Number of protein chains: 2
Amino acid sequence: MALAERWLLPDGVKEILPPKARQVEVLRRRLLDLYDNWGYEQVMPPLVEHLESLLTGVGKDLDINTYKLVDQESGHSLGLRADITPQVARIDAHRMDHQGANRLCYCGSVVHTRAENMLASRNPLQLGAEIYGHAGIESDVEVVSLMIETLLACGIEKELTLDLGHVDVFRGVVAEAGLNDEQHKHYHRLVQAKALPELSAFVASLELTAELEQILLALPRMNGGIEVLQNAQQVLVNAPLVVKQAISYLEQLAEKISKRYPAVDLYFDLAELRGANYHTGVVFSALSPSFAQTIAKGGRYDCIGEDFGRSRPATGFSTDLVILSDISENIAMRAGVLAPAGEELSLLVAIDELRKQGQRVIQRLPEDDHEAQLFCDRVLEKQADSWVVVPRDPNLKLKN
Amino acid sequence: MALAERWLLPDGVKEILPPKARQVEVLRRRLLDLYDNWGYEQVMPPLVEHLESLLTGVGKDLDINTYKLVDQESGHSLGLRADITPQVARIDAHRMDHQGANRLCYCGSVVHTRAENMLASRNPLQLGAEIYGHAGIESDVEVVSLMIETLLACGIEKELTLDLGHVDVFRGVVAEAGLNDEQHKHYHRLVQAKALPELSAFVASLELTAELEQILLALPRMNGGIEVLQNAQQVLVNAPLVVKQAISYLEQLAEKISKRYPAVDLYFDLAELRGANYHTGVVFSALSPSFAQTIAKGGRYDCIGEDFGRSRPATGFSTDLVILSDISENIAMRAGVLAPAGEELSLLVAIDELRKQGQRVIQRLPEDDHEAQLFCDRVLEKQADSWVVVPRDPNLKLKN
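Small disclaimer: the values here were computed from a predicted structure and weren't measured.

**Side note on the overall build of chain A**
And step 1. In terms of helices and strands, chain A carries 13 helices and 16 strands.
And step 2. Projecting the C-alpha coordinates of chain A onto the three principal axes gives extents of approximately 95 × 55 × 50 Å.
And step 3. Expressed as a percentage of its 400 residues, the buried residues of chain A come to 46%.
And step 4. When contacts within chain A are restricted to residue pairs at least 6 apart in sequence, long-range pairs at least 24 apart make up 70% of them.

**Quick notes on the interface of chain A and chain B**
And step 1. Between chain A and chain B, the contact holds 88 residues from the first and 88 residues from the second.
And step 2. Here the side of chain A that touches chain B takes 8 residues from helix α1 (residues 20-37) of chain A, the largest share from any one element.
And step 3. Of the residues that constitute the side of chain A that touches chain B, the class distribution is 37 nonpolar, 25 polar and 26 charged.

**Comments concerning the sheet that holds strand β13 (residues 336-339) of chain B**
All names here are of chain B.
And step 1. Across the sheet, 4 strands lie side by side as β14-β13-β15-β16; this open sheet has mixed pairing. Because the sheet does not close on itself, it has two edges, and the strands there are β14 (361-363) and β16 (386-391). Averaged over all adjacent pairs, the angle separating strand axes in this sheet is 30°, with direction ignored.
And step 2. In terms of strand pairing, β13 meets strand β15 (residues 376-383) through 3 bridges, oriented parallel.

**A closer look at the domain arrangement of chain A**
Residue and element names in this part refer to chain A.
And step 1. Taken domain by domain, chain A consists of domain 1 (12-153 + 297-332), domain 2 (159-289) and domain 3 (336-391).
And step 2. Put simply, the middle of domain 1 and the middle of domain 2, counted by C-alpha atoms, are 26 Å apart.
And step 3. Facing 21 residues of domain 1, the contacting portion of domain 2 comprises 23 residues.
And step 4. Secondary structure elements with two or more residues in the side of domain 1 that touches domain 2: α3 (60-64), α5 (137-153) and β11 (291-300).

**Concerning the pairing of strand β5 (residues 102-109) of chain B**
All names here are of chain B.
And step 1. Among the 8 residues that make up β5, 8 are buried, leaving the element largely enclosed by the rest of the structure.
And step 2. Side chains N102, L104, Y106 and G108 of β5 all project onto a buried face; the interleaved residues R103, C105, C107 and S109 project onto the opposite face, where all are buried too.
And step 3. Pairing between strand β1 (residues 41-42) and β5: 2 bridges, direction parallel. Bridging across to β5, E41 finds its partner in L104.

**Some remarks on the pairing of strand β9 (residues 265-269) of chain A**
Regular strands place side chains that alternate from one sheet face to the opposite one.
Residues and elements named next belong to chain A.
And step 1. Relative to β9, strand β7 (residues 161-166) runs parallel, the two being bridged by 4 bridges. Residue pairing for β9: L164 is matched across the bridge by F268.
And step 2. Where strand β8 (residues 223-224) lies against β9, 2 bridges are found, and the strand directions are antiparallel. Bridged to G224 within β9 is F268.

**Side note on the relation of the copies chain A and chain B**
Both copies of the chain are related by a screw-like operation: a rotation about an axis and a shift along it.
And step 1. Under the fitted operation, chain A is carried onto chain B by 0.0 Å of movement along the axis and a turn of 180°, and the coordinates agree to an RMSD of 0.0 Å. In short, the pair behaves as if placed about a two-fold rotation axis. Minimal C-alpha separation from the rotation axis in chain A is found for L69 of chain A, amounting to 3.7 Å.
And step 2. Counting the interface residues of chain A, we find that 100% of their copies in chain B are interface residues as well, pointing to one common contact surface.

**Notes on the environment of V203 of chain B**
And step 1. Within the fold, V203 of chain B resides in helix α8 (residues 196-205).
And step 2. The spacing of V203 of chain B and Y261 of chain B is 58 residues in sequence and 39 Å in space, taken between C-alpha atoms.

**Here we look at the environment of E182 of chain B**
Residues and elements named next belong to chain B.
And step 1. Looking at the secondary structure, you find E182 in helix α7 (residues 181-193).
And step 2. Under the C-beta neighbour-count criterion, E182 is labelled exposed, with 8 such atoms within 10 Å.
And step 3. Expressed as a C-alpha distance, the spacing of E182 and E367, which sit 185 residues apart in the sequence, is 71 Å.

**Focus: the sheet that holds strand β4 (residues 77-80) of chain A**
All names here are of chain A.
And step 1. The strand order across the open sheet built from 3 strands is β2-β4-β3, with neighbouring strands paired in antiparallel fashion. In this open sheet, the two strands that pair with only one neighbour each are β2 (48-50) and β3 (67-70). Adjacent strand axes in the sheet meet at a mean angle of 40° when their direction is disregarded.
And step 2. Bridge analysis of β3 against β4 gives 4 bridges, and the strand direction is antiparallel. Residue pairing across strands places L69 opposite L78, the latter belonging to β4.

**Examining unusual backbone geometry**
Most peptide bonds take the trans configuration, and most residues that are not glycine carry a negative phi.
And step 1. For the bond running from P18 of chain A to P19 of chain A, omega is 0°, close enough to zero to count as cis.
And step 2. With respect to the helices and strands, P19 of chain A occurs in the segment before α1.
And step 3. Positive phi values are uncommon outside glycine, yet E159 of chain B reaches one of about 50°.
And step 4. Take E159 of chain B: it is sitting in the loop between α5 (137-153) and β7 (161-166).
And step 5. Among the residues examined, E159 of chain B registers 12 C-beta atoms within 10 Å and is labelled exposed.
And step 6. In the Ramachandran plot, A384 of chain B falls in the positive-phi region, its phi being about 55° despite a non-glycine side chain.
And step 7. In this fold, A384 of chain B is placed in the loop between β15 and β16.

**Remarks on the confidence of the model for chain A**
And step 1. In the predicted model, chain A carries a mean pLDDT of 91, and 95% of its residues have values of at least 70.
And step 2. Predicted as a complex, the structure gets a pTM of 0.94 and an ipTM equal to 0.93.

**Regarding the environment of K185 of chain A**
Residue and element names in this part refer to chain A.
And step 1. On the secondary structure map, K185 appears in helix α7 (residues 181-193).
And step 2. Accessibility expressed as a C-beta count within 10 Å gives 11 for K185, which makes it exposed.
And step 3. Between the C-alpha atoms of K185 and K14, which are 171 residues apart in sequence, the distance is 33 Å.

**Description of helix α8 (residues 196-205) of chain A**
And step 1. Little of α8 of chain A is tucked away: 1 of the 10 residues are buried.
And step 2. Once α8 of chain A finishes, E207 of chain A follows within two positions and takes phi at roughly 55°, a positive value.

**What to know about the packing of helix α6 (residues 167-177) of chain A against helix α9 (residues 210-218) of chain A**
Residue and element names in this part refer to chain A.
And step 1. With their axes 11 Å apart at the nearest point, α6 and α9 run at an angle of 150° to one another. Crossing of α6 over α9 shows left-handed handedness. Here V173, E176 and A177 of α6 come into contact with α9, specifically with L212, I215 and L216.
And step 2. Residue classes in the contact of α6 with α9 are distributed as 5 nonpolar, no polar and 1 charged.

**Side note on the packing of α6 of chain A against helix α11 (residues 241-260) of chain A**
Residues and elements named next belong to chain A.
And step 1. Running from N to C, α6 and α11 cross one another at 165°; their axes reach a closest spacing of 8 Å. On the basis of their axis angle, the class for α6 and α11 is roughly antiparallel. Crossing angle aside, the handedness with which α6 passes α11 is left-handed. Between α6, through D168, V169, G172 and V173, and α11, the contact on the second element is made entirely by V242, V243, A246 and I247.
And step 2. Of the residues that constitute the contact of α6 with α11, the class distribution is 6 nonpolar, 1 polar and 1 charged.

Cut-offs used in this document
Residues numbered from 1 in each chain as written. Chains lettered and ligands numbered in written order. Predicted model: local features only at pLDDT ≥ 70, side-chain atom pairs only at ≥ 80, totals over all residues. Helix = DSSP H or I, 4+ residues; strand = E, 2+ residues; numbered from the N terminus. Buried ≥ 20, exposed ≤ 12 C-beta atoms within 10 Å, placed from the backbone. Contact = placed C-beta atoms within 7 Å. Nonpolar A, V, L, I, M, F, W, Y, C, P; charged D, E, K, R; others polar. Pairing = 2+ DSSP bridges. Axes fitted to C-alpha atoms, helices over the stretch in contact; angles between N-to-C directions. Domains from an automatic or database assignment. Least-squares fit on C-alpha atoms with pLDDT ≥ 70 in both. pLDDT = per-residue confidence, 0-100. Left-handed = near helix turned anticlockwise from the far one by under 90°. Parallel < 35°, antiparallel > 145°, perpendicular 65-115°, else oblique.

Listed below in structure tokens is the structure:
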């Protein structure tokens, strides 16, 4: 790398500078306070840990997305975290001894080996909240509500859409049809691509009953508003019980969420199979016209702690605080008071008192003539024997 | 790694769990607010970047301490940051176009390949503040003051000691004596170890003038209170100008800091040569009897931006927020209000209102009988037609 390029960041790696860093910091506090007010306790898992701990039971996508390191002290393989949820699962399983519901939240950087797309960041600032130890629908309602509250707290409320799915619909259909791994993947690709002619040919080649054929062909069309669920109950009347239970679960969840957040649009995608292989039940994501991609997402992942020796129900969501900050309302910059240079005790005391009151006070450094770039709308100046704050005259320079 | 051990963290890697995570979060906000009140703008550099950017001009220690990765997208070498200061230097040099003083602060995790000692963490939560673009003593006074304010804000004020040194003393003496690299390192080791008999033999072997011999032998004894500086001016009367200027600089700095913080003890170590090779002037660290090691440290590093094509004066300090949290006053846990399960609209509204007032409200989940472990001292209950908060009777269970 040439000298002139040393300051460039790797493609897709982003850093946050003023004034945006303040925006991110303000939202970080606002959202962690929101989670605290809902009873979620913050945890701070490490950036690196044993690779097995990070990747156990989470599937291949996360494996590929995780940087590997060798621990020079032990020779063990370490991973640089690409996701925080497996860490929180480990913490719930082993580091805390809650028996009932355990509400946890976190905010921290993760690193991906590859960006999801041309515009995506390889180092999101992952923020999320999770409930461990409760299997009922109420915990799903709580985390979906908290995900919506997260967006509302950032001023993202216009045309907010909640996208709901359930992994048991797709998985149940595939299991009933007896698809092998390869067929399963092929079918999934065709469904995701909504490649209907190829799908027909593929389904015909499977030699299934007419009923099952109809179900496999119907799945890619099962997305849209609440009517999708009513329609699905009819089309899938002969589907396995697990599929029908999943649809019924989505109906109940939708009703509870609609009651709490009537302004949020609901969208259902029954062919949805989320990227993170750890999901085991309902999956959900939030969208808004202000951003082309998913803003926040989550779901239920009941078995995630199993490989740590304590399998507990779990549900939660996560988001990227940098994206939230990009699409949220701008937070005003904080104007300061410019104080003159000097060591006079009365001046130092006056500065100290203003700062203790929560004011931003910048004391000018001698021979630093660039105070124009400091965002100060007031100055501290001596009048008679006391120091007073007065509006700043932008045409006047401060004396030393 | 056996299944049963998957939840273990690598040696020296630490994570922060409740209730300590709250303590860390509270201090994080308090200190970033302090820096904001002093006019320092927050930056958030990435966890990984090009290795050359992280290691340029910082010396071998940091190189050994930095995990290396290969960018799968470009094939370039990346580093997982072991220090944030070189990143902030890059930001000042290239990403911001301040001409005068630029005050920056940060808080983020770093990872070290090896722990400094048996008890040290390999993943400190580095917190620091820096001034770029000002060469005068006033910027050193400001960052030393802010370092002291950092500890005071954490309640660390008893027997606080500020340790001051200046790299030009040691470097000037070594240059005047004409020591080669190997002799320099050997001399440094002997001085650090205060190995006086070996030092005498070594210095005698160098065949220097009597004056220089005397200076080289005096250096390891030059530590203690302010009298060290007065004594040094006599012993080093024939030392190179740069050495005498450094001592005079320490005298001025000590006077200014003593005036502002009379309760802080000053200690001088003229043989001090800090680990981070980027220091070019005064170096300082803070100690307290409550912790066996340095709590915070910093110094001047005027050339750090040079390799990014913009050499500006710089001075700053950093600390580990986890250590600060370990030795600071305990922050009280936040008690909550336990609300019953249910979807009654009046209940949901009552919960929402309490949370909006900043109260912590945990809504009980059905069939979750472990609310005793939740830190709630009040409950929300219905009296007549309204929901009221009442003290919690620890012997009673909430109804669903």
